[in-house]
Amino acid sequence: MPNLLDPRSGDQIDAPVGSGWRATLRRSVRLFSDFRVEQTDPARFYTALAADSVGQLAHYTDGETLQGTVLLDVGGGPGYFRDAFMRAGATYLALDADAGEMQGAGIVAEGSMLGDGMRLPVRTGSVDACYSSNVLEHVPTPTAMLDEMLRVTRPGGVVFCSYTLWWGPWGGHETSPWHLLGGRYARRRYLRKYGHEPKNKFGESMYAATASAGLRWARAQRRAGNAEILAAVPRYHPAWAAWLMRVPVVREVLSWNLLLVLRKT
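A. Up close: a nonpolar patch on the surface. On the surface, Trp 167, Leu 180, Val 249, Val 253 and Leu 254 cluster together into a nonpolar patch covering about 470 Å² of accessible area. Within the secondary structure layout, Val 253 lies in helix α8 (residues 250–254).

Printed below as a string of structure tokens:
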């Protein structure tokens, strides 16, 4: 795996090169196309994203495979990711704070836990990979969840966390783009228009997550000798767009979603 580093920060800013998964433009177009129906056909989008996640995570594991990997999915939801990771040979564990979300696909599988991502009910150093997709923006103290993900991962294991950036086009989720005028304003506007609260309520179940905060946390772990940063990239973009994450302000608006990958030391 080549060492592609941001010369100013020392962060790897590109996806590793190897067989299988690639951060190509075709992949990006496909994912964004599927995302257009996320609200009306969530199974289509999340099934596609789960399949993509298997390849993306495998790039950062020994041998580029998930076979035999003990994986904890923080915010696992209704099961789309479970099916994909288990087909790839992983032992899959999932935690979600919402029992309704876990039953979204009609079943609560063995290995599922109801709990708080900021206080994971998992032993220290007990999983090979700790994964989270689009959950951190729903947590009031994101660094607490990131700390917990790193804690439960074994030395040499991988933390893979991606989340939606507040100042991007989908930062307010279903209240977008009005969130750009303020999260509370967007929430009130949604209530006036539809007669009910949005699913993601700013200040209660959705918060203004930024790339800068995630990068500061990752670099602090590196300085403390807790982890090595393998990637800090826009998750859905092609590899050549990785430069976006190097530019303050620009990364908050155009990156859409930050992916952090760390190897615990």
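B. A look at the sheet that holds strand β2 (residues 91–96). Spatial ordering of the open sheet is given by β3-β2-β1-β4-β5-β7-β6, a layout of seven strands whose pairing is mixed. What marks the edges here is a single partner per strand, and that holds for β3 (112–114) and β6 (227–234). Neighbouring strand axes in the sheet, compared pairwise and without regard to direction, differ in orientation by 15 degrees on average. Of the pairings in the sheet, the one linking β2 to β3 comprises three bridges and is parallel in character. Its bridge partner being in β3, Asp 96 is matched across the sheet by Leu 114. On top of the sheet, helix α2 (residues 42–58) reaches β1 (70–74), β4 (127–133), β5 (153–164) and β7 (257–264); it is set at about 140 degrees to β4, its chief contact. Lying over the sheet, helix α5 (residues 142–152) contacts β1, β4, β5, β6 and β7, oriented at roughly 150 degrees with respect to β5.

C. Quick look at the side chain of Glu 38. Tracing the backbone through its elements, the reader meets Glu 38 in the loop between α1 (25–35) and α2. Buried charge without a partner: Glu 38 forms no salt bridge, and the closest opposite charge is Lys 199, 6.7 Å away. In this structure the side chain of Glu 38 is engaged in a polar contact, spanning 2.7 Å, whose partner is the side chain of Tyr 46. If near-sequence neighbours (up to four positions away) are discounted, Glu 38 is found in contact with Phe 45, Tyr 46 and Trp 170.

D. Quick peek at the nonpolar core. Leu 72, Val 74, Leu 258 and Leu 262 are the most contacted members of the largest nonpolar core, which totals 31 residues. In terms of residue count, the dominant contributor to this core is α5 (five residues). Excluding its chain neighbours within four sequence positions, the residues that come into contact with Leu 258 are Cys 161, Ser 162, Tyr 163, Leu 165, Ala 211, Gly 214, Leu 215, Ala 232, Val 233 and Met 245. In this structure, Leu 31, Leu 71, Phe 81 and Tyr 92 belong to the second largest nonpolar core, which totals 30 residues.

E. Geometry of the pattern of salt bridges. Counted under the stated rule, the structure contains nine salt bridges. Note that Glu 197 and Arg 187 form a salt bridge whose closest N and O atoms lie 2.9 Å from each other. Of the two residues, Glu 197 sits in the loop between α6 (183–194) and α7 (211–223) while Arg 187 sits in helix α6, which places them ten residues apart along the sequence. A relative accessible area of 31% places Glu 197 in the partly exposed class.

F. Up close: the packing of aromatic side chains. By the definition in use, this model includes 13 aromatic pairs. Relative to Trp 256, the ring of Phe 35 lies with its centre 5.5 Å away and its plane at 85 degrees, an arrangement referred to as edge-to-face. With a gap of 221 residues between them, Phe 35 in helix α1 and Trp 256 in the loop between α8 and β7 connect regions that are remote in the sequence. Phe 35 sits in the buried class, given a relative accessible area of 17%. Taking relative accessible area as the criterion, Trp 256 reaches 18% and is therefore assigned buried. Judged by centre distance (5.7 Å) and plane angle (45 degrees), the ring pair of Phe 81 and Tyr 131 falls under tilted. Separated by 50 residues along the polypeptide, Phe 81 in helix α3 (residues 80–87) and Tyr 131 in strand β4 bring together distant segments of the chain. The two residues Phe 81 and Tyr 131 agree in class, both being buried. Taken together, the ring pairs connect Phe 32, Phe 35, Phe 45, Tyr 46, Tyr 80, Trp 170, Tyr 236 and Trp 256 into an aromatic cluster.

G. Quick peek at the side chain of Ser 53. Relative to the helices and strands, Ser 53 is located in helix α2. Judged by relative accessible area, which is 0%, Ser 53 ranks as buried. Side-chain polar atoms of Ser 53 contact the side chain of Tyr 131, separated by 2.8 Å. Excluding anything up to four places from it in sequence, Ser 53 contacts Phe 81, Phe 85, Tyr 131 and Arg 235.

H. Geometry of unusual backbone geometry. Residues Ser 176 and Pro 177 are joined by a peptide bond in cis, for which omega reads 0 degrees. Its place among the elements puts Pro 177 in the loop between β5 and α6. Despite not being glycine, His 173 has its phi angle at roughly 55 degrees, a positive value. For His 173, the position within the fold is in the loop between β5 and α6. Although it is not a glycine, Val 249 adopts a positive phi angle of roughly 70 degrees. Examined against the element boundaries, Val 249 turns out to sit in the loop between β6 and α8.

Criteria and thresholds
Residues numbered from 1 in each chain as written. Predicted model: local features only at pLDDT ≥ 70, side-chain atom pairs only at ≥ 80, totals over all residues. Heavy atoms only, no water. Patch = residues over 30% accessible without salt bridge, like charges linked within 9 Å, V, L, I, M, F, W, Y side chains within 5 Å. Areas by Shrake-Rupley, 256 points an atom, 1.4 Å probe, with all protein chains shown as cover. Salt bridge = Lys/Arg side-chain N within 4 Å of Asp/Glu carboxyl O. Helix = DSSP H or I, 4+ residues; strand = E, 2+ residues; numbered from the N terminus. Pairing = 2+ DSSP bridges. Axes fitted to C-alpha atoms, helices over the stretch in contact; angles between N-to-C directions. Contact = heavy atoms within 4.5 Å. Buried < 20%, exposed > 50% of the residue type's maximum accessible area, 1.4 Å probe, protein only. Lys, Arg positive; Asp, Glu negative; His and termini not counted. Polar contact = N/O pair within 3.5 Å; in protein donor to acceptor, adjacent residues only side chain to side chain. Core = buried A, V, L, I, M, F, W, Y, C linked by side-chain atoms within 4.5 Å. Phe/Tyr/Trp six-rings, centres within 6.5 Å; stacked < 30°, edge-to-face > 60°.

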